[in-house]
Amino acid sequence: MKYNPIDRNLFIKNRKNFMAQMKPNSLAVFNSNDIYPVSADSTMPFAQHRDIFYLSGVDQEESILVLYPDCPKEKHREILFLKETNEHIAVWEGEKLTKEKAFETSGVKTVYWLQDMEKIMFELMTQSDTVYINTNEHYRANVETETREDRFTKWLLGKYPAHSVAKSNPILQRLRSVKDQIELDLMQQACDITEKGFRRILGFTKPGVWEYNLEAEFMHEFLNNRSKGFAYTPIIASGNNANVLHYIENNQQCKAGDLILLDVGAEYANYSSDMTRTIPVSGRFTDRQKDVYNAVNRVKNEATKLLVPGTLWEAYHVEVGKLMTSELLGLGLLDKADVQNENPDWPAYKNYFMHGTSHHIGLDTHDYGLLHEPMQANMVFTVEPGIYIPDEGFGIRLEDDVVIQDSGEPFNLMRNIPIEVEEIEALMNS
């Protein structure tokens, strides 16, 4: 892995917190992701399932974590099953985790090779009453591929049909949404790497560059700072491309007078950052672009102040809608009649700002979090309002990642990334 070792106390604490929520005499199982094929002998780069990583720190394929806090055998209360390494694997693929290294990484003392899994699981299942399966219940999930976790669950429930079944996901949704300080430090590193990439392209951008040139500049900086690369598919959208919310082609030339919307974030140690900035290709905003830009920035700043413990998701977005409506009136994009006659299910401001303002962020860019429950301290959210005006040929979105505090305004993990008009123009023209 490119990232520096993570303090295993994070994973020890995470397992302890998860097991404290489990039913009596139950066990829970977590699987690594598959390595997905492309064609022939080609594969996608391996990306670890975030749940097993959160609970163990193991960043390797074909790994299984079993938690059984009430197990009669103390050594079987936490178990890792790993693919057995050998000299052939070491030569062709590189070293895999040894049992000793797995303990150093995770703090799990009992490590077996994967070939022993069915025998050990038989013993554990005969002793337990309930098994926790790990299904994907994220509100944005749309999974058509059968995962390694799915296959394991199918095997386990087929072989042991008399067990009660419980769900790991509701526990993980709550635990993962509230970040430990170690996690916040890793997310700060991801944001700092993103800052380096953004400062790099401020000095690089000029009329005639291509969107993919900017993508390459970001990737150069990310890799040089121990990141695997982008936390999500980057959006480098010049001119009217910015009005396509999920524009990812990044294949157009940047023209003088246009704006470029950059929705880009580095990952670090599997933790995400998520930044959006909008910059002028020529290094200067027009007066109209500046007015819209500052309106978006004001909404972002005021929306950020609303992210405090106890805030409810739906109420937050209603308040942000009011802020945006006021700014759109000031810009002349809406008039009072538009607001008075608006459809409550699709308010007038949605014609120019049609997406949500915030989402949880952490190990996943759209991270775990139960949206019907009040916000808590140490949850991390994006704040990303935008105004999109196809008739004028540009769209502007600004986004930071912020940590909710026990009291007062959130802490901005992107506080050092330039955002004010004057600072961006000065850096682009220095």
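Below you will find a few notes about this structure. (Residues numbered from 1 in each chain as written. Predicted model: local features only at pLDDT ≥ 70, side-chain atom pairs only at ≥ 80, totals over all residues. Heavy atoms only, no water.)

1. A word on the sheet that holds strand 1 (residues 26–31)
In step 1: Read from one edge of the open sheet, six strands run 6-5-4-1-7-8, paired in mixed fashion. A strand with exactly one partner marks an edge of an open sheet, and here the two such strands are strand 6 (110–113) and strand 8 (164–167). Sheet twist, expressed as the average angle between the axes of neighbouring strands with direction ignored, equals 25°.
In step 2: Relative to strand 4 (residues 64–67), strand 1 is paired through four bridges, and the arrangement is antiparallel. Bridge pairing in strand 4 links Ala28 to Leu67.
In step 3: Sheet strands touched by helix 4 (residues 99–106): strand 5 (78–82) and strand 6. Its angle to strand 6, the strand with the most contacts, is close to 135°. (Pairing = 2+ DSSP bridges. Helix = DSSP H or I, 4+ residues; strand = E, 2+ residues; numbered from the N terminus. Axes fitted to C-alpha atoms, helices over the stretch in contact; angles between N-to-C directions. Contact = heavy atoms within 4.5 Å.)

2. Let's talk about the packing of helix 1 (residues 9–19) against helix 7 (residues 169–177)
In step 1: Contact geometry for helix 1 and helix 7: axes closest at 10 Å, N-to-C directions at 135°. Classified by the angle their axes make, helix 1 and helix 7 are oblique. Considering only the axes of helix 1 and helix 7, their crossing is right-handed. Of the residues in helix 7, those touching helix 1 at Asn14, Asn17 and Phe18 are Ile171, Leu172 and Leu175.
In step 2: Grouping the constituent residues of the contact of helix 1 with helix 7 by class yields four nonpolar, two polar and no charged. (Parallel < 35°, antiparallel > 145°, perpendicular 65-115°, else oblique. Left-handed = near helix turned anticlockwise from the far one by under 90°. Nonpolar A, V, L, I, M, F, W, Y, C, P; charged D, E, K, R; others polar.)

3. A look at the side chain of Arg50
In step 1: Along the chain, the position of Arg50 falls in helix 2 (residues 50–56).
In step 2: For the buried residue Arg50, which engages in no salt bridge, the nearest side chain bearing the opposite charge is Asp364, 4.2 Å off.
In step 3: For Arg50, the side chain forms a polar contact with the main-chain oxygen of Leu363, separated by 3.0 Å. (Buried < 20%, exposed > 50% of the residue type's maximum accessible area, 1.4 Å probe, protein only. Lys, Arg positive; Asp, Glu negative; His and termini not counted. Salt bridge = Lys/Arg side-chain N within 4 Å of Asp/Glu carboxyl O. Polar contact = N/O pair within 3.5 Å; in protein donor to acceptor, adjacent residues only side chain to side chain.)

4. Side note on the sheet that holds strand 17 (residues 400–403)
In step 1: In spatial order, the strands read 14-17-18; together these three strands make up an open sheet with antiparallel pairing. Whereas interior strands pair on both sides, the edge strands pair on one side only; in this sheet they are strand 14 (380–383) and strand 18 (411–412).
In step 2: In the sheet, strand 14 pairs with strand 17 via four bridges, with the strands oriented antiparallel. Among the inter-strand pairings, Val380 is bridged to a residue of strand 17, identified as Val403.

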